[in-house]
Amino acid sequence: MGETFWKDHSVLLNKDEENELEIFGYKTQGCRKALCIAGYILSCGALLLLFHWKPEWDVWANCTRCSLEEADVVLLRTTDEFQRYTRKKVTWIDLSTLALSVGSSSDGPLVADKDSVINRAIMKPQLKMRCIQVQKIRYVWDFSVKEFKKVGSLEDSNTCQNIHHKFGGGLTREERKIRQLVCGPNAIKVEIRPIWKLLLKEILNPSYAFQAFSLMLWLSQGYIEYSVAIIILSTISVGFTVYHLRQQSTKLHNFVEEHNKVRVTVCTKSEGCKELESFYLVPGDLFLLDGKKLALPCDAVLIEGSCIVNEGMLTGESIPVTKTPLPLTESLLPWKMHSMEDYRSHVLFCGTEVIQTKPTGRGPVRAVVLHSGFNTAKGDLVRSILYPKPVKFKLHRDAFKFIIALSIIGMFGLIYTLFVFVSHKKPVADVVAMSLLLLTLPVPTILTSALTTNTLHIQRRLKKKKIFCIKPQRINICGQINLVCFDKTGTLTENGLDLWGVVPSEGSWFQKIHKFPSSTPLPWGPMCGAMASCHSLVVLDKKIQGDPLDLKMFEGTHWEMEDSSTTLDGAGAVGTCVVRPGLKASSAPIEGIAILHQFPFSSGLQRMSVISQKIGEEHYDLYMKGAPEIVASFCRQDTVPSNFLKELKTYTSQGFRVIALAHKVLNLGKDVDMSNLESMCVSILAPRMEAESGLAFLGLLVMENCLKQETKPVLRELAAARIRSVMVTGDNLQTAITVARNGGMIHTASKVILVEANEPEGSTPASIAWRVAEDCKANTAAPHELCANTEEEITLEVETCNYHFAMTGKSYQVIRKHFSSLLPKILVNATVFARMSPVQKSSLIEEFQKLNYYVGMCGDAANDCRALKTAHAGILLSEQEASMASPFISQILTIQCVPELIREGRAALVASFAVVKYLTLCNLIQFVGTSLLFWQLQIFGNHQYLIQDMVIILPVCLTLSLSEAYPKLAPYRPPSQLISPPFLLSVILNVCFTVIMQTCGFLLVKQQSWYVTLASQR
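A. Highlighting the overall build of the chain. Across its full length, the chain holds 33 helices and 42 strands. Out of the 1018 residues belonging to the chain, those deemed buried represent 53%. Of the contacts made within the chain by residues no fewer than 6 positions apart, 70% connect residues no fewer than 24 positions apart. Working note: accessible area of the chain is about 45,800 Å², and carbon and sulfur atoms make up 58% of it.

Structure (structure tokens):
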């Protein structure tokens, strides 16, 4: 019985997700609430303030435990090490107000989608549902599983066919009303917080509450001048903080508001298509994309036609991205699993801009709303800004312990004062006032204001260096960074690639390389056809735009691209991209090539392909482009040269970026309707793997990607400062190793050990093979292998600290899953991680953080956004200051910003420590002096306190952070712990010296002949 109660009392919310929470059920008790109200009144609001700081105490005092099904209040606790609590009230949604045609007594579902959580959450016959709102997301109580479930999204369990059939014709008017009421409006509402709210939240901070208490005490004792000075300083400090928060709130409001008022054409089953404000969109709605530029107001899955979007607003990478329709297949797998990591190519994300649509002959481009409001990609980004994850930093924890220790000293002072003043039979009012005065002296009242001023100075300096910060609390952490992960392309190397050469393959042999630039154009053939058509380039504003690699490849053919909507042979292929030979191109026996359908590039799949048709011919061609190892695996082995790996290594070892190309003739028949070809490609040729099998290998495309001029000096500077540099890239492993060597990440005398891990197959357990990269012949034949069951017996026979591990994302994933205890040992000396997906990059940073590294991440693209948020200090290289994908945004598009940020972080950290130490010592000196004077019932005069505080303390605290950062990064970091022997010894020895000197002076003065005892002491 007890076990059942505890199981019903608590459950996990968002299980196994990034924002996982533990939820507990409570019921409000009237008598408890009455006692708490009495406590608020008797304590003059102190108890209420305590409950504001500790919401769990509020719930425990006012409520009793109960099952979640009976609860009217829930207590939420994060499952991370911080275990932060939040209190939420359970509310009700009443559907009876909608006057539904389906009776309340009916057993049928109110929503056509039987799998929807809405059907399982409705309480019949009342037509009500229980819900809670957590971090802008609504959850409803699911009676079938007795848990709170998220609403505002289509269920992930839907198959491709379900999405097409259930939602392809739109929702009914009645179902839209239900979904609107349950899911809420499709809007990312971020209010510009009123100044009074921001002010109230800031002054209710424990440090400001203590400061207010101290000021009231000082004012009551007539210490007006310094109190007024502190009030002015605190007002300025709070004012700056409130101004910064208000500015951020305004910027965030403006960032989201434009997408809350978009007009879209929505199709319903009963009313046809009509134009609505996006505010009224619900998950499952069908809407049309009519070709106009549109800022997407929701996440949607494309079901008809294709389009080109700009995702720069969310990712900082303003490269046009092609989106293709979700295939209509009979697969029983959920649609995301069916599409694997490529599912994002079918999804239009909220906040991105549709810049071009490509309808099929069957009608306009159509999409189904997938997520609305804060459930969208943009909503998730906004929520991460509104509710940031706390960062583990020892300074924050130590500061709290340090304040507690100073408060304990104050308590001893209070007891001492009580003893002295009571023994002299002083009035109670004097005893209380003097006791409280000595209690407040050891704790620095202006500490928060001084530290806020420090951060503002550093933030201003960073802005001058074109480094913008949206999370100022991360600046101090930057001073502790001892490992930096770098993306490769666009970060360490130039963003633009140069076409170095083409190595064609024919008859399973590589032919002579065609180098660029060349006086002779690339001859016509399948290789030239692949280079001219296998890309995602588009013509926008009469200019070819797209991925830099695609652009350089296409320019190498000297072909030209026509704008979309070209008609072929009167067949009316709408939205087809056509490429034709240019004046400088080699002569070709064809008029041009029509690119009919794209399978866009996916960083997870590491390939892209297109279906095209030569103008005037009947057959269709499929061209593939991608990572050489991946493309080769899709080709017939008789077409792949026997020396493929050797040739590939020849170029990658020189630091070139190598792309492979392949081709296949598709036989779709003669009577193919050109206008329906795109939809045919999606349905008949699905799954994608089927279309992309049995290809003929065409050859290699060799791209030159030079290091940026600043890369080598910066990496050298970081190495001299004992800050580890790690490369995390989606590129080829050998290319990454070469760039790491050229950049100085790997010393020329150091060995590189390739780590190759394999998943278990059948009875064969997971295994790891090790081989030295520089001596492949000697090690490939008999690599050192490790099986899962002998993990603990591994020993690496290499010189300590004279080797670097390098691995692919696949190997990293296997080691993390099957060799978890070995992973930390590998990470300590791992330098190169290649072929890493965005999720793997983020996971790697988390693993480094577990090893107590303070991790910085520097990247420039969409692939890096997740990792940038996970790192202690993520730096996005982007010219868009408004980009919110990272805590820091650098408009200096080189890694020069990394040492700059670390330098300023160190300066901020040193200044923070100096402020804490200086204020502590000054306050303790005052505490000792006042204690000695209390012994003879005396106190410092107001002007004496004023000189100490206004002349000695304030100017130093406010100007410490004005010192510029030291221009050179030292090979040691500033201290990060307040509770450490150097810091504590410094403070304790200074205090001891002060006590001795002040006591000796006090006693020496009393022995002088001219000293006269006050009448009050006789």
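B. Fine view of the state of the cysteines. Under the counting rule described, the total for this entry stands at one disulfide. Note on cysteine connectivity: Cys267 is disulfide-linked to Cys273, with sulfurs 2.2 Å apart. In this structure the cystine formed by Cys267 and Cys273 twists about its S-S bond by roughly 90°; its chirality is therefore right-handed. The class of Cys267 is buried, set by a relative accessible area of 8%. Overall, Cys273 belongs to the partly exposed group, its relative accessible area being 48%. Cysteine Cys350 remains unbridged, with the sulfur of Cys298 as its closest cysteine sulfur at 6.8 Å. Classification of Cys350 by relative accessible area gives buried; the value is 1%. Cys478 forms no disulfide, and the closest cysteine sulfur to it belongs to Cys469, at a distance of 7.6 Å.

C. Helix α29 (residues 838-850), seen in detail. The end-to-end C-alpha separation of α29 is 19 Å, in line with the 18 Å expected for 13 residues at 1.5 Å each. Listed as buried for α29 are Gln840, Lys841, Ser842, Ser843, Leu844, Ile845, Glu847 and Phe848. In the stretch just after α29, Asn852 is the one whose phi turns positive, near 65°.

D. Just the packing of aromatic side chains, in detail. Inspection of every chain in the model, using the stated rule, returns 19 aromatic pairs. With a centroid separation of 5.8 Å and an interplanar angle of 90°, the aromatic rings of Phe848 and Tyr853 are classed as edge-to-face. An identical accessibility class is assigned to Phe848 and Tyr853; each is buried. One cation-aromatic arrangement involves Lys54 over Trp57; the distance from NZ or CZ to the ring centre is 5.7 Å. A cation sits over an aromatic face here: Arg130 above Trp141, 5.4 Å from the ring centre.

E. Local environment of unusual backbone geometry. At Asn14, a residue that is not glycine, the phi angle is positive and equals roughly 60°. Within the fold, Asn14 resides in the loop between β1 (10-13) and β2 (21-28). For Lys466, which is not a glycine, the phi torsion comes out positive at approximately 65°. Position of Lys466 among the secondary structure elements: in the loop between α16 (447-464) and β20 (467-469).

F. Examining the packing of helix α2 (residues 30-42) against helix α4 (residues 55-62) more closely. Two elements in contact, α2 and α4, have axes separated by 8 Å at closest approach and are oriented at 125°. When the axes of α2 and α4 are compared, the pair comes out oblique. Facing α2, whose interface residues are Arg32, Lys33, Cys36 and Tyr40, α4 presents Asp58, Trp60, Ala61 and Asn62.

G. Representation of the confidence of the model for the chain. Averaged over every residue, the pLDDT of the chain is 81; residues scoring 70 or more account for 88%. Looking at the elements of the chain, mean pLDDT is at its lowest for helix α26 (residues 776-780), recorded as 37, and at its highest for strand β21 (residues 483-486), recorded as 93. Low pLDDT, under 50, characterises residues 565-574; the predicted model gives this stretch 16 contacts beyond four residues in sequence or across chains. Scored below 50 in pLDDT, residues 682-686 makes 16 contacts in the model with residues more than four places away or belonging to other chains.

H. Structural detail: the environment of Asn186. Relative to the helices and strands, Asn186 resides in the loop between α7 (173-183) and α8 (195-203). Overall, the relative accessible area of 1% leaves Asn186 in the buried class. Within the local environment of Asn186, its side chain forms a polar contact with the backbone oxygen of Ser278, the two atoms lying 2.9 Å apart.

I. Representation of the environment of Leu110 within the structure. Tracing the backbone through its elements, the reader meets Leu110 in the loop between β6 (91-94) and α5 (117-121). We classify Leu110 as buried; its relative accessible area is 8%.

J. The arrangement of the sheet that holds strand β10 (residues 263-268) in detail. Taken in spatial order, the six strands of this open sheet run β11-β10-β12-β19-β14-β17, and their pairing is antiparallel. Strands with a single pairing partner mark the edges of an open sheet, and in this sheet they are β11 (272-277) and β17 (347-348).

K. View of the pattern of salt bridges. Using the criterion set out here, one finds 30 salt bridges in the structure. For Arg383, the salt bridge is made with Asp380, and the minimal N-O distance between the two is 3.3 Å. Note that Arg383 and Asp380 are positioned in helix α13 (residues 377-386) at a spacing of three residues, about one turn of the helix. We classify Arg383 as buried; its relative accessible area is 9%. Residue Asp380 is classed as partly exposed on the basis of its relative accessible area, which comes to 40%. Glu591 serves as the salt-bridge partner of Arg580, at 2.9 Å between the closest nitrogen and oxygen. Separated by eleven residues along the polypeptide, Arg580 in strand β28 (residues 577-581) and Glu591 in the loop between β28 and β29 (593-602) bring together distant segments of the chain.

L. Structural view of the sheet that holds strand β15 (residues 306-310). Ordered by their spatial adjacency, four strands build an open sheet running β13-β18-β15-β16, and the pairing between neighbours is antiparallel. Edge strands, defined here as strands with exactly one partner in the open sheet, are β13 (294-295) and β16 (320-323). Looking at chain direction, β15 and strand β18 (residues 353-358) are connected through five bridges and run antiparallel. Bridge pairing in β18 places Ile308 opposite Gln356.

Conventions used here
- Note that residues are indexed from 1 along each chain, following the sequence as it is written.
- It should be noted that, the model being predicted, local features are given only for residues of pLDDT at least 70 and side-chain atom pairs only at 80 or more, the latter also being counted only at that level, while totals for whole chains, interfaces and linings use all residues.
- The basis for every side-chain value is the complete set of non-hydrogen atoms in the structure, without hydrogens or water.
- Here a helix means four or more residues in a row that DSSP labels H or I, a strand means two or more in a row labelled E, and each is numbered from the N terminus.
- For every residue, the accessible area (1.4 Å probe, protein chains only) is compared with the maximum for its type, and the residue is labelled buried under 20%, exposed over 50%, or partly exposed between those bounds.
- Contacts: residue pairs with any heavy atoms within 4.5 Å of one another.
- Using a 1.4 Å probe, accessible areas were evaluated by the Shrake-Rupley method; residue-level cover was limited to the displayed protein chains.
- When two cysteine sulfur atoms lie within 2.5 Å, the pair is treated as a disulfide.
- To estimate how far a helix should reach, multiply one less than its number of residues by 1.5 Å.
- Ring pairs are drawn from Phe, Tyr and Trp, using the six-membered ring of Trp, whenever the two centres fall within 6.5 Å, and their geometry is named by plane angle: stacked under 30 degrees, edge-to-face over 60, tilted for the rest.
- We call a charge positioned above a ring when the Lys NZ or Arg CZ atom is no farther than 6 Å from the ring centre and deviates by at most 35 degrees from the ring normal.
- Orientation is described by lines fitted to C-alpha atoms, with helices fitted over the stretch in contact, and by angles between N-to-C directions that extend from 0 to 180 degrees.
- Here roughly perpendicular refers to angles of 65 to 115 degrees, roughly parallel to angles under 35, roughly antiparallel to angles over 145, and oblique to all remaining angles.
- Confidence scores here are pLDDT values: one per residue, from the predictor, ranging 0 to 100.
- Two N or O atoms form a polar contact when they lie within 3.5 Å of each other; inside protein one atom must be a possible hydrogen donor and the other a possible acceptor, and for residues adjacent in sequence the pair counts only when both atoms belong to side chains.
- At least two DSSP bridges between two strands are needed for those strands to be called paired.
- A carboxyl oxygen of Asp or Glu within 4 Å of a side-chain nitrogen of Lys or Arg is what we treat as a salt bridge.

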